[in-house]
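Read off the chains here:
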Amino acid sequence: MSNKIMTLDQAAALIREGRRLLVAADAKQLERLPAGDWIGGSIPYFMGDDGGVIDREVVYVDELPEAVTAVTVKRYGADALASVPADAYDNGFSVIIVPAMTDVHLAYAQSAPDIPGIFDRPVVGWIAGVHLEDLGAEKPRVVSGVDGVVSTDEAVVLHAQLPESHAAALEIVNLFVQGDGDTLTFDETGFAQDTVRVNGEPRAFSDYLREVAHDTRLPLVADYFGAMVNASIQDVSEDGPGVALYAPVFAGVEYRLAAPVGDYVSEFEAQLPRDSVAPAFACNCILNFLYSELEGKKTGDIRGPITFGEIAYQLLNQTLVYLQIHDLG
Amino acid sequence: MLPSVTDPRWVRLIEHPERYTFKMLALKILMQRVALKNKYGAGPAEKRAMIGEVRGFFEKNARLAQDDLRAIFG
């Protein structure tokens, strides 16, 4: 099984051999790969054998486990996302790649937890992006390898089937926990918020963050019965109430500002899974990469794309997501 | 064998998820949605739908959800 950074030619050779792949690379490389059983998304940031890497020329490849018995690939517009679970195999998992800053990104982020059947089997994936130097100039892309279609406005999903002897499980590693500050809630679900309720009292969100001198590298964190779910802060208006987020906050959910993290690498390694099942797929967040200066640093043996958002059923921020395939005999 | 949808333990789970500790990530997120619906005053029909959704989750994930099933049903 290949879970590594390689050259374009090496990735093309695997596709021609009939391997079933999940691919991450700069868009120009993705578009040069041959047709085959693969899906891909644009991003030039990776965690490789030697740690964090920024490279527009190489290709990051996850080969699907041999246990996978069948795959189907489909593209979904914003109005078709509700059919993702219904299209999945009874036993298996789905990998979704969504182009950032699009209607389908917005729709998935806000609606995924309410899609009927979304929790019935693992839905893992990531938000495709661009080199940060190209923000605003280039559009994130996803590719359906089976037909060679490149899309800037649809999600691409690979549904994988497993035999009854195997089962897929999805987990996360999130270093952030709720701090001991105020309880923050929002009246509306969304990526942009003018008003936050601080212990129930409405306040201008930007004013509140300035008042508490919040380090905006630290996300808002909700406690989902022990699973910490982040919404990262993108921008705090200097002259208005608004705060832009990289993931939506949900109306009624209680958030707190995250407690500071010490050394990211050592704390991350302490939280990595200790079981013997190596991840079949993993991805981590570009904000962790940037804020923790992960270029050239290893985070355990985890490899994968560094993304504009991670998906474990729903959109997450500043979180490592990984998929394991268990042989249940 | 999963308890039927009429088993009162489903109602207890749906109405008071905070009394349980969940292991599977999917279940934690699903139960968060359940808790949110309760917060806004879910009616009988909505509660029946939630029981159906949670039971359906366990039907499809029974092999990996044994710890959670034991925690809920003993």
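Residues numbered from 1 in each chain as written. Chains lettered and ligands numbered in written order. Predicted model: local features only at pLDDT ≥ 70, side-chain atom pairs only at ≥ 80, totals over all residues.

Caption draft 1: How the structure looks around the nonpolar core. In terms of nonpolar packing, the biggest core is built from 122 residues, with V23, V124, A155 and V321 of chain A together with A26 of chain B touching the most fellow members. Here the element with the most residues in this core is helix 2 (residues 25–39) of chain B; it accounts for seven residues. Formed jointly, this core draws a minimum of three residues from each of two domains, domain 1 (3–172 + 265–327) and domain 2 (184–257) of chain A. In this structure, V321 of chain A is in contact with V124, I172, A282, C283, E310, I311, A312 and L316 of chain A, ignoring residues within four places of it in sequence. (Core = buried A, V, L, I, M, F, W, Y, C linked by C-beta atoms within 7 Å. Buried ≥ 20, exposed ≤ 12 C-beta atoms within 10 Å, placed from the backbone. Helix = DSSP H or I, 4+ residues; strand = E, 2+ residues; numbered from the N terminus. Domains from an automatic or database assignment. Contact = placed C-beta atoms within 7 Å.)

Caption draft 2: Structural detail: the domain arrangement of chain A. Residue and element names in this part refer to chain A. Taken domain by domain, chain A holds domain 1 (3–172 + 265–327) and domain 2 (184–257). One C-alpha centre belongs to domain 1, the other to domain 2, and the line joining them spans 27 Å. Each partner contributes to the interface: domain 1 provides eleven residues, whereas domain 2 provides eleven residues. Looking at the side of domain 1 that touches domain 2, the elements with two or more residues in it are helix 4 (103–111), helix 7 (286–291) and strand 26 (314–316).

Caption draft 3: Representation of the sheet that holds strand 11 (residues 149–151) of chain A within the structure. All names here are of chain A. Read from one edge of the open sheet, six strands run 1-6-2-3-10-11, paired in mixed fashion. Of all the strands in the sheet, the pair left with one neighbour each is strand 1 (3–6) and strand 11. On average, adjacent strands in this sheet sit at an angle of 20 degrees to one another, irrespective of strand direction. Note that strand 2 (residues 21–25) and strand 6 (residues 59–63) share five bridges and pair antiparallel. Each bridged residue has a counterpart across the sheet, and for A24 the counterpart in strand 6 is Y60. (Pairing = 2+ DSSP bridges. Axes fitted to C-alpha atoms, helices over the stretch in contact; angles between N-to-C directions.)

Caption draft 4: Looking closely at the packing of helix 1 (residues 8–15) of chain B against helix 3 (residues 44–60) of chain B. All names here are of chain B. Axis separation between helix 1 and helix 3 bottoms out at 10 Å; the angle between their running directions is 100 degrees. The pairing of helix 1 with helix 3 is recorded here as roughly perpendicular in orientation. In contact with W10, L13 and I14 of helix 1, helix 3 contributes K47, M50, I51, V54 and R55. Here the contact of helix 1 with helix 3 is composed, by residue class, of six nonpolar, no polar and two charged. (Parallel < 35°, antiparallel > 145°, perpendicular 65-115°, else oblique. Nonpolar A, V, L, I, M, F, W, Y, C, P; charged D, E, K, R; others polar.)

Caption draft 5: Region of the structure containing the sheet that holds strand 21 (residues 243–249) of chain A. Residue and element names in this part refer to chain A. Strand order in the open sheet made by the three strands is 15-21-20, with antiparallel pairing throughout. Both edges of this open sheet fall to strand 15 (190–193) and strand 20 (233–236), since each of them pairs with a single strand only. The average undirected angle you get between the axes of adjacent strands in this sheet is 25 degrees. Bridge count between strand 20 and strand 21: three bridges; the pairing is antiparallel. The partner of V236 across the bridge, within strand 21, is V243.

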